[in-house]
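Each chain is listed here by its residues.
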Amino acid sequence: MEIESRAAEAPAPAKERGGRGVDVIATAPGRVAGDSTRALCAESRHDQAVLGRTPAGRRSHAGDLAAATVFLASPAPDRIDGVVLPVDGGRPGR
């Protein structure tokens, strides 16, 4: 629920600061493969259950979040404002 409430809050600061050249965009990472998730990934049954609900078919990596952040920091998303970008491989429900 935390991500949904943060996503609902994103448009307000965008409206407040938009006219001053400030873009308000956030990322919402899913579960990222790393040291803290290594034990869960090692448990084949759990890992397959998670991956089975993820359209991308793989766990996210730190590089996935970094790539989204670099995109959002570039001039490319000039008309994107007041949103939260999920970086979760399309996994529904958290």
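Structure shown above.
Think of each chain on its own: its residues are numbered from 1, step by step along the sequence as written. Totals for whole chains, interfaces and linings use every residue, but because this is a predicted model, local features are given only for residues with pLDDT of at least 70 and side-chain atom pairs only at 80 or more, for both listing and counting. Working from all heavy atoms in the structure, the side-chain values ignore hydrogens and water.

A few words on the overall build of the protein chain. Counting from the N terminus, the helices are DSSP H or I runs at least four residues long and the strands are E runs at least two residues long. Looking only at helices and strands, the protein chain features five helices and two strands. Ordered by position from N to C terminus, the α and β elements of the protein chain give α-α-β-α-α-α-β. Any residue under 20% of the maximum accessible area for its type is buried, any over 50% is exposed, and the rest in between are partly exposed; the area is computed with a 1.4 Å probe on protein chains only. Evaluated residue by residue, the protein chain yields a buried proportion of 19% over its 94 residues.

This part covers helix H4 (residues 44–52). When we look at burial in H4, the residues that qualify are Asp47, Val50 and Leu51. An end-on view of H4 places all buried positions within 95° of arc, on one side of the element. In this structure, H4 carries Arg45 and Gly52 as exposed residues pointing more than 90 degrees from its buried face. Read the arc as the range of directions from the helix axis to the C-beta atoms.

Turning our attention to the pattern of salt bridges. Should a side-chain nitrogen of Lys or Arg be within 4 Å of a carboxyl oxygen of Asp or Glu, the pair is scored as a salt bridge. Under the definition given, this model contains one salt bridge. The salt bridge involving Asp64 is made with Arg58; its shortest N-O contact spans 2.9 Å. Since its relative accessible area comes to 41%, Arg58 is described here as partly exposed.

For the rest of this paragraph, the subject is the side chain of Ser60. Residue placement: Ser60 occurs in the loop between H4 and helix H5 (62–73). Judged by relative accessible area, which is 7%, Ser60 ranks as buried. Residues contacting Ser60, with those up to four places away along its chain left out, are Arg31, Val32, Ala33, Val87, Asp88 and Gly89. Any pair of residues with heavy atoms lying within 4.5 Å of one another is described as a contacting pair.

Let's shift gears to a nonpolar patch on the surface. Any residue with relative accessible area above 30% and no salt bridge may belong to a patch, with like charges joined within 9 Å and the nonpolar Val, Leu, Ile, Met, Phe, Trp and Tyr side chains within 5 Å. A 1.4 Å probe and the Shrake-Rupley method give the accessible areas. Residues count as covered only by the protein chains that appear here. A surface patch of nonpolar side chains, about 210 Å² in accessible area, is lined by Phe71, Ile80 and Val83. Among the secondary structure elements, Phe71 is positioned in helix H5. Given the relative accessible area of 37%, Phe71 is considered partly exposed.

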